[in-house]
Amino acid sequence: MFESLKAWWGDLTHRRDDGRDAGDDTLDDATNALLSILPLVSIVVDEHDEVVRAHPDAYALGVVRDDAIADDTVARAVHEVRSYGGKRQFDLTTTTLHSPKKAPKAGRPSVREVARQSLMGQSQDKPSTSVSRPNWLKVIVGRLNERFVVVLVSDVSDTVRFSRMRDSFIVNVSEQLLKPTQSLEELADALENDSADRDVVKESAAKLRRSCAHMKHMVSDLLLLIKAQEPILPTSDNRINVMEQVQAVADAHRQAARQRGIDIEVNGDGSLEVNGDGEQIQTAIAKLLENAISYSPDGKGATVSVKPDEDGSQVLISVIDRGCGIERKEQSRIFERFYRGGNQNERSVDGVGLGLAIVKHVALTHHGSASVWSAPGQGSTFTLTLPAARG
């Protein structure tokens, strides 16, 4: 769609001033109407480099701030087009900017205030601990007339992220599949050479068994991830008690935890219910609890709490550990598929990096969210937030 606008853009950028009074800082109705229906983020800049019209997403994408172009590359393109005409096309990577609230300018409506309100609405659906991600953009800059330059932005971030996720998925799955193959070859070599050393054969067989278990774990997690894609519709038939799910998971993990002196504590409101798939919710809680056990030192405790949020519309399931914690720079990526942080130990090193991705997708299919608070040396708190039962 972005490419199909090039022909139209060639005509638009050759428009000349239509004879309006020099003090008129508005666009003609036809241009305004055209910009309003474009499936792109549009920004109009006047001869003083002030943004006089902008889609709210221009602020969210980090292109506009305080009624001015925030990105130097875009600003230079605006100046070049204003001076020499024609158009500029380029790719751009930005980071979402969180601008402080400011009062509207006197004498005319504030585009910034409209954008701020839009962003406020979006941010309510995201955990407060979320970290801004980069935005991958395609940009066209051209001159509307002698006074105005327009910037058109197409956000292709989802396409780029999908491509990177796909590549990462292929690489990681390929690596995991190679491990049992290599172990099988080693065992075959030992048997083929009729090794007299039974320890060599046993060691090769044990390595193959570990590799197969690892691959089985990965395939199981991938199947869970695929299953956690369809949104759950709330009905009277899928109301489940949250505490019952938590207790079932805790009971299943107590023995493994006690072997390392870790006590699992469960507390909270036993009456809370959500609409959902009990198996998926138990899986998500299990992944969080398994991480808490894996990353906690021997003798430390892990806590699972269940409570409502302030207005009772959400149920918060929190898993708290006293482990090594997670660096701030990694917290924005730990819910990505196959991402492995830098805090691995002998208990977690064989993981496949899908556990937290499963937690995130279970949250999304239940119209909720997953978030984390963590600090190095202070442990971590992972929270699965689900809407309270409605059906």
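Caption draft 1: Highlighting the packing of helix H7 (residues 198-227) against helix H10 (residues 355-365). One can describe the packing of H7 onto H10 by two numbers: an axis separation of 9 Å at closest approach and a directional angle of 15 degrees. For the element pair H7 / H10, the angle class is roughly parallel. Here H7 and H10 pass one another in a crossing that is left-handed. Contacts from Asp221, Leu224 and Leu225 in H7 reach Ala357, Ile358 and His361 in H10. Of the residues that constitute the contact of H7 with H10, the class distribution is 4 nonpolar, 1 polar and 1 charged.

Caption draft 2: View of the pattern of salt bridges. Enumeration over the complete set of coordinates arrives at 7 salt bridges. Between Asp91 and Lys138 there is a salt bridge whose closest N-O contact spans 3.1 Å. One end of the pair, Asp91, is in strand S5 (residues 87-95); the other, Lys138, is in strand S6 (residues 134-143), and 47 residues separate them in sequence. By relative accessible area, which is 31% here, Lys138 ends up partly exposed.

Caption draft 3: Summary view of the packing of aromatic side chains. Applying the stated rule across the entire model yields 1 aromatic pair. The interplanar angle of 75 degrees and the centroid separation of 6.2 Å between the aromatic rings of Phe335 and Phe382 together place this pair among those described as edge-to-face. Within this pair, whereas Phe335 is found in the loop between strand S12 (314-321) and H10, its partner Phe382 is found in strand S14 (residues 379-387), the two being separated by 47 residues in sequence. Just as Phe335 is buried, Phe382 falls in that class too.

About the thresholds
- Residues numbered from 1 in each chain as written.
- Predicted model: local features only at pLDDT ≥ 70, side-chain atom pairs only at ≥ 80, totals over all residues.
- Heavy atoms only, no water.
- Axes fitted to C-alpha atoms, helices over the stretch in contact; angles between N-to-C directions.
- Helix = DSSP H or I, 4+ residues; strand = E, 2+ residues; numbered from the N terminus.
- Parallel < 35°, antiparallel > 145°, perpendicular 65-115°, else oblique.
- Left-handed = near helix turned anticlockwise from the far one by under 90°.
- Contact = heavy atoms within 4.5 Å.
- Nonpolar A, V, L, I, M, F, W, Y, C, P; charged D, E, K, R; others polar.
- Salt bridge = Lys/Arg side-chain N within 4 Å of Asp/Glu carboxyl O.
- Buried < 20%, exposed > 50% of the residue type's maximum accessible area, 1.4 Å probe, protein only.
- Phe/Tyr/Trp six-rings, centres within 6.5 Å; stacked < 30°, edge-to-face > 60°.

None of the figures reported here should be taken as evidence of function without further support.
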